[in-house]
Amino acid sequence: MIWEIFGISYTLAIVLLGSAIVGLMTGVLSVFFVLEKKSVMGDTIAHSSLPGVVVAFLLFLEKSQLTFAIGALISGFLAIIFVQTISRRTVLKEDVAIGVTLSIFFGVGVALLTYVQSLPLAAQAGLINYIFGNVAFLLKRDLYLLAAVTVFDLFVIISFWKEYKLIMFDRAYAEIIGLPVDKLDFLLTIAISVTIVVGIQIIGVVMIAGMLIAPAVGARQWTNSYRRMILISASIGVMSGVLGTLISANITDIPPGPAIIVFATSIAFISILFGYRHGTLVNWVHTHLTHRKIDHRKVMMEFLKSTNALDKSEGLTRLEFSLREYPRLNKEIINNLARCGYCKWLTDEKCAMTLRGVEIAKDFTVENSGSAEMVE
Amino acid sequence: MTHIINVQNLTVAYREVPALWDVSFSIQKGSMTAIVGTNGAGKSTLMKTMLNLIQPVRGEITIMGESYDRIKEKYKKIAYVPQREAVDWNFPINCLDVVLMGRYGHIGLLKRPGKKDRDLAMEALKRFGMEYYHDRQIDELSGGQKQRVFLARAYVQDADLLFLDEPFGGVDAKTEQMTLELLQEEKKRGRTILVVTHDLHSLKKYFDMVLLLKTKLIASGQPDEVMTPENLTEAYGGMMHMDLRG
Ligand SMILES: Nc1ncnc2c1ncn2[C@@H]1O[C@H](COP(=O)(O)OP(=O)(O)OP(=O)(O)O)[C@@H](O)[C@H]1O
Ligand SMILES: [Mg+2]
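Residues numbered from 1 in each chain as written. Chains lettered and ligands numbered in written order. Predicted model: local features only at pLDDT ≥ 70, side-chain atom pairs only at ≥ 80, totals over all residues.

## Re the site of ligand 1
Quick reminder of the rule: Each residue receives a C-beta atom placed from its backbone. It is near a molecule or strand if this atom lies within 6 Å of it. In this count, Pro and Cys sit with the nonpolar residues alongside Ala, Val, Leu, Ile, Met, Phe, Trp and Tyr, while Asp, Glu, Lys and Arg are called charged and the others, Gly among them, polar.
Near ligand 1 you find Tyr14, Ala19, Gly37, Asn39, Gly40, Ala41, Gly42, Lys43, Ser44 and Thr45 of chain B, and these make up its full shell. For the shell around ligand 1, the class distribution of residues is 3 nonpolar, 6 polar and 1 charged.

Structure (C-alpha cells):
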C-alpha cells in the first residue's frame, strides 16, 4: 500500500489523510471568514459548541463522536440565533452581541467542564480529547464523513463562485441586482457550521477558530487574485494539518490541535513578513528599489508643467530644458528616459522632450496615479 | 405612464431619528435627476430606500409600477454605483473582474462569465479610459479611477435605471465632465438616471430635475425653479452664497 512506501502505519495514514482533509476545508472556508470579516463569527460558533459537547457527554455518558458532534452543532446554532436576536432586538451592535454570546456560552462550557472533571468517570478522557483535538481514534468511517463534508463545501463554493465573490465584495450591489443573498448566506453558514463540527474531532473546540483565520491571512499576502487566494489558503491548511499531525504523532503530550495551529500561524506570520504582494519586508525592499521609477513619473510631470508654460504654437517636439532648472533631475534619470525614447540629450546639460514623451507625460497627469511600469 | 419612479410620503428613520421626513416625488422616464443637500441631508438614505436596502417607516415606493420585491429580472433594470465607503477596497480583485460583476445578472446562477462577457467588460473599461489598468487590484487606483471602474460596471450591466451615489467625490473636473457627457448619452438612449452630487454648478447644464433635500424635500423640479436663493438658504443655511452662473 502507498503509505508503506513512506514507512508509516495504516493508522497514521488514515490520521494524516483526515487532518489533510480538515486542513483543506478550513483553509478554503477561512478565506470567506477573513474576506467577510466574519472571523469573530467562526470564533463564536467554535467556542459556543463547548457547552453542547459537555451537555451531550453528561446526558449520554459516552464518548461517541457523533453525540459530541450533535451537541456541538446544536449549541453552535443556538449561539448564532442568540447573536442575531440580540443585534436585531436590542441597541447592541453585532460585534458586541458576538462578544456577549461568546463569553456566556464558553463560560458555561468551562463551568460544566470543571464539574465533569470532578466526577469519577473513566470516559472523561474522550471528552478532553474532543476539546483539544485528537486523532488517535480516527477511523476509516470518520474519513467518509470528512470526505462527504468536503464534497459538500466544495460543491457550495464552486457552484456559487461568482455570487459569493460579489456578495463579499459589494453586498448592496448583489442585493440590488436581485441575487438571493440571504439564501446564499444561509447555505454558507451551514457549510461552515458542519465543517467546524467535523473539524473539531481533529483540531479541537479551542483551536479550530484559529484554523478559520490563519490560512487566509497568510494566503492574502501572496496574491491579489480571489481564486489564487483560495488555492493558497487551502494549501496552507493542508500543510499545517499534515505537519501538525506528524509532530503530534511523534511527540507524545502534544495534541494535534495546538500543533496544527502553530504551523498555520507560523506560515501566516512568515507570509506577512515575506509575502510577494503585501509582505512588509518585500514592500520595504520594493519601495526602495522602485523609487527611481517614481522619479521618472515626477520628471514627466515637470516636463508637462513646462509644456503648459510654453507657447504651444511653437510645437512640442523640441521642448528644451536644462538640468539646473530642475533640482530633482539627474543624469541617470534622463538617461533612462532617453532609452525609452521620451527625451534626447542636446548637450551635456540640456535635453529636449520628444513628442512621444509629451504624450506619455500628459497621460500621467490625466491619470494622476502613474503607470510607472511604462518607464522600465 | 411616464413616471418610472413614484415616491409617496416616505419617512425613514435610523432608530428613532428621522433621516427622511414625508418625502414625495416622481421621476420621469428618460430623465436625469440630481439629489442635492448638505452632508447628512438624507441623500444616500433616499437612494438606499429606493433600492430596498433600507426599510421605510412609512410611505410607498414604486419602480416601473411595482414595489421593489416584485420587480423581475432586476439586473436588467437597475444599476447602482455605491458611495465609496460601501465597498471593500482591500478585496483581492482586479478592475476587469469588478466590471464583469455587471454581467453576473445576465449570466445567471451556476454559470461562469464567458468570452463575450469579458469582451463587453473590456470594452466598457475602454469607454471610461481604464483598459490599461484592467489587471490592477482595485485599491491600487486613484479615487477618480476607482469611480470610473464602477461606472464601467454600471455601463456593462445595460440597465434602464442608473443610481449613482456621489460618483464625483474626489474626481477631477475633467473626469466629472466626461462622465456627465457619457450619462447624457445614456439618457438619450432612454435610460433614467439619478445622481447624488455636491456639484451645484453642473445642475443647470446636465440635469432635468433636482431634488433638494434636508431631511424633508425642500423643493423639487427643474434646476431653475429649485435653486432659488430662498431654497438654498433653507437647505444649506445662511452661509451659502452660491454663484450659479458657472
Ligand atoms: N447606519 C446609520 N445608522 C444611524 N444613522 C445613520 C446611518 N446612516 C445614516 N445615518 C444618519 O442619517 C442621516 C442621513 O444620512 P445620509 O447618509 O443619508 O446622508 P447624505 O445626505 O448621504 O450625506 P453625505 O453627503 O455625507 O453622503 C445622517 O444624519 C446620518 O447621521
Ligand atoms: Mg451620502
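## Structural notes on the packing of helix α4 (residues 65-89) of chain A against helix α10 (residues 181-203) of chain A
Residues and elements named next belong to chain A. The line we're drawing: Axis definition: a line fitted to C-alpha atoms, limited for helices to the stretch in contact. Angles are taken between N-to-C directions and run from 0 to 180 degrees. Comment: elements are numbered from the N terminus, with helices defined as DSSP H or I runs of at least four residues and strands as E runs of at least two. Oblique is the label for every angle not falling under 35 degrees (roughly parallel), over 145 degrees (roughly antiparallel), or within 65 to 115 degrees (roughly perpendicular). Crossing handedness is defined as follows: a turn of the near helix away from the far one that is anticlockwise and smaller than a right angle gives a left-handed crossing, while the clockwise case is right-handed. Any two residues are considered in contact once their C-beta atoms, placed from the backbone, lie within 7 Å.
Two numbers describe how α4 lies on α10: the axes approach to 10 Å, and their chain directions differ by 140 degrees. In terms of their interaxial angle, α4 and α10 are classed as oblique. Relative to α10, α4 is oriented so that their crossing is right-handed. Contact residues: α4 offers Gln65, Ala69, Ala72, Leu73, Gly76 and Phe77, while α10 offers Ser193, Ile196, Val197, Val198, Ile200 and Gln201. Across the contact of α4 with α10, the residue classes tally to 8 nonpolar, 4 polar and no charged.

## Digging into the sheet that holds strand β2 (residues 17-28) of chain B
Residue and element names in this part refer to chain B. Operational definition: The rule for pairing is simple: two strands pair if DSSP sees at least two bridges between them.
The sheet built from 3 strands is open, its strands ordered β2-β1-β4 with antiparallel pairing. Each end of this open sheet is capped by a strand with a single partner; those strands are β2 and β4 (58-63). Sheet twist, expressed as the mean angle between neighbouring strand axes with direction ignored, is 15 degrees. Alignment of strand β1 (residues 3-14) against β4, held across 5 bridges, turns out to be antiparallel. The residue of β4 that forms the bridge with Asn6 is Thr62.

## A look at the interface of chain A and chain B
Each side of the interface is counted separately: chain A has 24 residues, and chain B has 26 residues. Of all the elements in the fold, those that place two or more residues in the side of chain A that touches chain B are α8 (161-169), α9 (171-176) and α13 (226-250) of chain A. Here the residues of the side of chain A that touches chain B are counted per class, giving 10 nonpolar, 8 polar and 6 charged.

## Some points on the pairing of strand β3 (residues 350-353) of chain A
All names here are of chain A. The criterion, for reference: Exposed residues have 12 or fewer other C-beta atoms within 10 Å of their own C-beta, buried residues have 20 or more, and partly exposed residues fall in between, where C-beta atoms are placed from the backbone.
Alternating positions in β3 separate cleanly, Cys351 and Met353 being buried on one face and Lys350 and Ala352 remaining unburied on the opposite face. Where strand β2 (residues 343-345) lies against β3, 3 bridges are found, and the strand directions are antiparallel. Across the sheet, residue Cys343 finds its bridge partner in β3, namely Met353. As consecutive antiparallel partners, β2 and β3 are separated by 4 residues.

## A word on the confidence of the model for chain B
Residues and elements named next belong to chain B. Rules: Values of pLDDT, ranging from 0 to 100, describe the predictor's confidence in every residue of the model.
Across chain B, the average pLDDT comes to 90, with 96% of residues at or above 70. Mean pLDDT values for the elements of chain B range from 88 in helix α2 (residues 74-77) up to 97 in strand β3 (residues 32-36). Interface scoring of the predicted complex returns ipTM 0.90; its pTM is 0.77.

## A look at the sheet that holds strand β5 (residues 78-81) of chain B
Residues and elements named next belong to chain B. A sheet is described by the order of its strands in space; here 6 strands give the open sequence β5-β6-β7-β3-β8-β9, paired in mixed fashion. Edge strands, defined here as strands with exactly one partner in the open sheet, are β5 and β9 (216-221). Adjacent strand axes in the sheet meet at a mean angle of 15 degrees, parallel and antiparallel pairs treated alike. Note that strand β6 (residues 161-165) and strand β7 (residues 192-196) share 5 bridges and pair parallel. The residue bridging Phe163 from the neighbouring strand is Leu194, located in β7. Sitting on the sheet, helix α6 (residues 143-157) touches β5 and β6, and the angle it makes with β5 is about 175 degrees. Each of β3, β6 and β7 touches helix α7 (residues 173-188); the most contacted strand, β7, lies at about 150 degrees to it.

## Re the environment of Asp153 of chain A
Residue and element names in this part refer to chain A. Considering the arrangement of structural elements, one finds Asp153 in helix α7 (residues 140-159). Linking Asp153 and Ile190, residues 37 residues apart in sequence, is a C-alpha distance of 9.2 Å. Apart from residues lying up to four places away in sequence, Asp153 is in contact with Met25, Val28, Leu29, Ala191 and Thr195.

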